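# A closer look at the structure
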Amino acid sequence: MKISFKHISYFFLFILGLNLTLTSCTGDLDVTPRDKNEFLSETFFQDPASYKQVLAKLYAGLYVGGNDGDGKPDIAGLGGDFSSYLRLLFVTQELPTDESIIAWADGTLPTLNTQMWSPANEFLAGAYSRAFYEISVANEFLRQTTDEKLTARGVDAGLKAQIATFRAEARFLRAFSYYNLMDLFGNVPITTEADPVGLFYPVQKTRAEVFAYIESELKDLDSSLAASKSNEYGRVDKTAAKFLLAQIYLNSKVYTGVEKNNEAAALCNDIITSSGYTFANVPYNYLFSADNNRNGAQSEFIFPVISDGNAIRAVGGGMSFIIHASIGGSMVSSNLGMDGGWQGTRTRKEFVALFPDATATADKRGTFYTDGQSLDIKNVGAFTDGYAVTKFINVNSDGSKAQRTDVPDTDFPMFRLSDVYLMYAEATVRGASTGNIGNAVTYINQIRARAKTTPISSADLTLDFILAERGRELFWECHRRTDLIRFGKFTGGSKIWQWKGGSMNGNATESFRDLMPIPARNIQANPTLKQNPGY
């Protein structure tokens, strides 16, 4: 296999042992080595190869929970497997919704199934700290790569030009973490490379202020990120920044109280018509197979979190969690390319009802496993209660085996073009003057044609349809909580699903739970933080 950025990201960095603990925003944010052999320092940066290695650490941080795969966890209080960024995104974006539920009773995990969490929830603390960990690494990288420092080290012009692009990617990944913090927790501090290293209490910003910071960063990055489609696979470019900007504009009413649907539709149109990313005219299942980086699906992957069974030793984080945890009951794990099942995640009956059938006959996206599974979830702790999901598999699209069965090769599509189509359609239906209903219908029907399901007309293109279609197309891709909140369906009683609110038949929940609580341990560490209302 060709040695690529993927292998640098997920193999060399674990040998390097770059491991930082964190203080500042979370109270244990201190960019200080745990061990003298694990450092990010002037000495380390004397090696010209070090700059790409640290960038790789930032990308790897989206998948793994610590150095050596899930070993040596970056986040205190949670194991490397539980504190994987991607795993925590799944836990916070999927478990509290109609799309997923988990059987496990680890700590406070069950409260995420029911929207009954408290500030003491260690998984919310993990999500908070993981995002700030990434921000801390990005900030230190930016401190160490100023023109002044590069000149002092004698870095040549060619490497300087590469590092300029690396810096832009680090800023994007920092903005991505601030986006997740803003989305989940609302009012959070902002720290940058201009802030001091060590213990201090940064000022907590309002959600609107965090929004403005992210918006400013993403706009500015259009001049410094790599041109669209010109970067290595797995690394971001200008289009990733436009996607994230469109995403925050679509959710602007939630974040700031001001709609920005015109801006969202205009950006989506630019991506669709000018970015070079193209809709993948392959079977839907190709997008979630082990070879989705090369089977044609990759043409629509704007920002994939890359996986590799040989290069990554993350047996409990990232895609290893997503696929392993979805296998149980009478399922044969080898059919999904894995070495076993963890009897964890499945879906709820209200989500199954969005599809014309549960057999992927009239819509190929309805990838449910029903043999021995009951549709009703009477016992949350029983994997066989609730239909299983076989969307992500560790098998190549031609049926051949992946590299390993313990850690999958399947990349996770964080941003993809199909989502841009759906965002464009939604912004247009919400009244964007920069959108066109006819084009929106065309884009939706392209998605539905790939799913081998019936086309729609402009009369069908309502907000309720779009929410359902986003579920059908993007389920388990870590969008559902944000989507339901934007549509006013996450809390309250307008949309009910089993175990929402803690009862089998579901019940309304309090609206303050549209925001997660600032974790108690982070408030204890930084007493200037103010808790969200209701907690």
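- The name given to the protein chain in an unreviewed UniProt entry is Starch-binding associating with outer membrane, with the source organism recorded as Flavobacterium chilense.
- In its Sequence similarities (unreviewed entry) section, UniProt records this for the protein chain: "Belongs to the SusD family."
- Under Subcellular location (unreviewed entry), UniProt gives the following word-for-word description of the protein chain: "Cell outer membrane".

## Some details on the overall build of the protein chain
- Counting its regular elements, the protein chain contains 18 helices and six strands.
- Its C-alpha atoms give the protein chain a radius of gyration of 22 Å, near enough to 24 Å, the size a compact globule of 535 residues would have.
- Taken along its principal axes, the extent of the C-alpha atoms in the protein chain is 65 × 50 × 45 Å.
- Sorting the 535 residues of the protein chain into buried and exposed places 62% on the buried side.
- Of all intrachain contacts in the protein chain linking residues separated by at least 6 positions in sequence, the fraction that spans at least 24 positions is 69%.
- A total accessible area of about 17900 Å² is found for the protein chain, and carbon and sulfur atoms account for 53% of it.
- Averaging the coordinates of the 52 positive side-chain charges in the protein chain and doing the same for the 58 negative ones gives two points 1 Å apart.

## A look at the UniProt feature "domain: SusD-like N-terminal" (unreviewed entry) in the protein chain
- Within the UniProt annotation, "domain: SusD-like N-terminal" (unreviewed entry) is assigned to residues 107–250.
- End C-alpha atoms of residues 107–250 are separated by 35 Å, and the span's content is 62% helix alongside 0% strand.

## Here's the deal with the packing of helix H3 (residues 85–93) against helix H5 (residues 122–143)
- Running from amino to carboxyl end, H3 crosses H5 at an angle of 135 degrees, the nearest separation of the two axes being 10 Å. One element, H3, and the other, H5, form an angle in the oblique class. Crossing of H3 over H5 shows left-handed handedness. Of the residues in H5, those touching H3 at Tyr 85, Leu 88, Val 91 and Thr 92 are Phe 123, Leu 124, Gly 126, Ala 127, Arg 130, Ala 131 and Glu 134.
- Residues belonging to the contact of H3 with H5 are distributed by class as follows: seven nonpolar, two polar and two charged.

## Some details on the domain arrangement of the protein chain
- Partitioning the protein chain into structural domains gives domain 1 (47–203 + 500–534) and domain 2 (286–411).
- Using C-alpha coordinates to define each centre, domain 1 is positioned 25 Å away from domain 2.
- Facing the 27 residues of domain 1 at the interface are 32 residues of domain 2.
- Carbon and sulfur atoms supply 67% of the area that domain 1 and domain 2 bury against each other, a total of about 2400 Å² over both sides.
- Inspection of the region where domain 1 meets domain 2 yields zero salt bridges.
- Linking domain 1 with domain 2 are 14 residue pairs in polar contact (both at pLDDT 80 or more).
- Where the side of domain 1 that touches domain 2 is concerned, the elements lending two or more residues are H3, strand S1 (101–102) and helix H7 (157–185).

## Considerations on the pairing of strand S2 (residues 301–305)
- Extensive coverage of S2 is indicated by the burial of five of its five residues.
- Where S2 lies against strand S6 (residues 412–416), four bridges are found, and the strand directions are antiparallel. Bridge pairing in S6 places Phe 303 opposite Phe 415.

## Things to note about H7
- The terminal C-alpha atoms of H7, which comprises 29 residues, lie 42 Å apart, in line with the 42 Å expected from a rise of 1.5 Å per residue.
- In terms of residue burial, H7 counts as a mostly covered element, since 21 of its 29 residues are buried.
- Where H7 begins, the capping side chain belongs to Asp 156, and its oxygen is found 3.1 Å from the backbone nitrogen of Gly 158.
- Positioned one or two residues after H7, Gly 186 has a phi angle of 80 degrees, which is positive.

## Description of the packing of aromatic side chains
- Within this structure, the stated rule accounts for 32 aromatic pairs.
- On the numbers, 6.4 Å between centres and 50 degrees between planes, the contact of Phe 211 with Tyr 249 is tilted. With Phe 211 in helix H8 (residues 207–221) and Tyr 249 in helix H9 (residues 238–250), this residue pair connects regions lying 38 residues apart in the sequence.
- Arranged with centres 5.6 Å apart and planes meeting at 75 degrees, the rings of Phe 351 and Phe 355 form a pair that is edge-to-face. Neither residue differs from the other here; Phe 351 and Phe 355 are each classed as buried.
- Within the aromatic cluster, the residues linked to one another by ring pairs are Tyr 85, Phe 172, Phe 176, Phe 243, Phe 303 and Phe 415.
- The ring of Phe 288 has Lys 391 sitting right over it, with the charged end atom 4.5 Å from the ring centre.

## What about unusual backbone geometry?
- With a phi close to 55 degrees, Ala 360 is a non-glycine residue in the positive phi region.
- Note that Ala 360 resides in the loop between helix H13 (349–352) and strand S4 (368–369).
- For Ala 360, a relative accessible area of 17% gives the class buried.
- In this structure, Lys 452 takes a positive phi of about 60 degrees despite not being glycine.
- By relative accessible area, which is 58% here, Lys 452 ends up exposed.

## Some words on the layout of surface pockets
- In this structure, the second largest pocket spans a volume of roughly 180 Å³.
- In this structure, the second largest pocket is lined by Asn 285, Phe 288, Ser 289, Met 331, Val 332, Asn 335, Leu 336, Thr 367, Tyr 369, Thr 390, Lys 391 and Ile 393.
- For the lining of the second largest pocket, the per-class residue count stands at six nonpolar, five polar and one charged.

## Examining the pattern of salt bridges
- Tallying each qualifying case throughout the model produces 34 salt bridges.
- Between Glu 217 and Arg 174 there is a salt bridge; the shortest N-O distance is 3.1 Å. Of this pair, Glu 217 sits in helix H8 while Arg 174 sits in helix H7; the two residues are 43 residues apart in sequence, bridging distant segments of the chain. Each member of the pair, Glu 217 as well as Arg 174, carries the same accessibility label: buried.
- Lys 219 serves as the salt-bridge partner of Glu 215, at 3.6 Å between the closest nitrogen and oxygen. Remark: Lys 219 and Glu 215 occur in helix H8; sequence separation between them is four residues, near one turn of the helix.
- Bridged by salt links that share partners, the residues Glu 300, Asp 363, Arg 365, Lys 391, Arg 416, Arg 448, Arg 450, Glu 469, Arg 472, Glu 473 and Glu 477 form one connected network.

Cut-offs applied
Residues numbered from 1 in each chain as written. Predicted model: local features only at pLDDT ≥ 70, side-chain atom pairs only at ≥ 80, totals over all residues. Heavy atoms only, no water. UniProt positions renumbered as here; feature names shortened; annotations may be inferred. Helix = DSSP H or I, 4+ residues; strand = E, 2+ residues; numbered from the N terminus. Rg over C-alpha atoms; globule rule 2.2 N^0.38 Å. Buried < 20%, exposed > 50% of the residue type's maximum accessible area, 1.4 Å probe, protein only. Contact = heavy atoms within 4.5 Å. Areas by Shrake-Rupley, 256 points an atom, 1.4 Å probe, with all protein chains shown as cover. Lys, Arg positive; Asp, Glu negative; His and termini not counted. Charge placed at Lys NZ, Arg CZ, Asp CG, Glu CD. Axes fitted to C-alpha atoms, helices over the stretch in contact; angles between N-to-C directions. Parallel < 35°, antiparallel > 145°, perpendicular 65-115°, else oblique. Left-handed = near helix turned anticlockwise from the far one by under 90°. Nonpolar A, V, L, I, M, F, W, Y, C, P; charged D, E, K, R; others polar. Domains from an automatic or database assignment. Buried area = accessible area lost by both parts, 1.4 Å probe. Salt bridge = Lys/Arg side-chain N within 4 Å of Asp/Glu carboxyl O. Polar contact = N/O pair within 3.5 Å; in protein donor to acceptor, adjacent residues only side chain to side chain. Pairing = 2+ DSSP bridges. Expected span 1.5 Å × (residues − 1). Phe/Tyr/Trp six-rings, centres within 6.5 Å; stacked < 30°, edge-to-face > 60°. Lys NZ or Arg CZ within 6 Å of the ring centre and 35° of its normal. 1 Å grid on protein atoms, 1.4 Å probe; cavity = no way out; pocket = protein on both sides within 12 Å on 5 of 7 lines; lining within 4 Å. Points joined across faces, edges and corners; volume = space filled by probe spheres on them.

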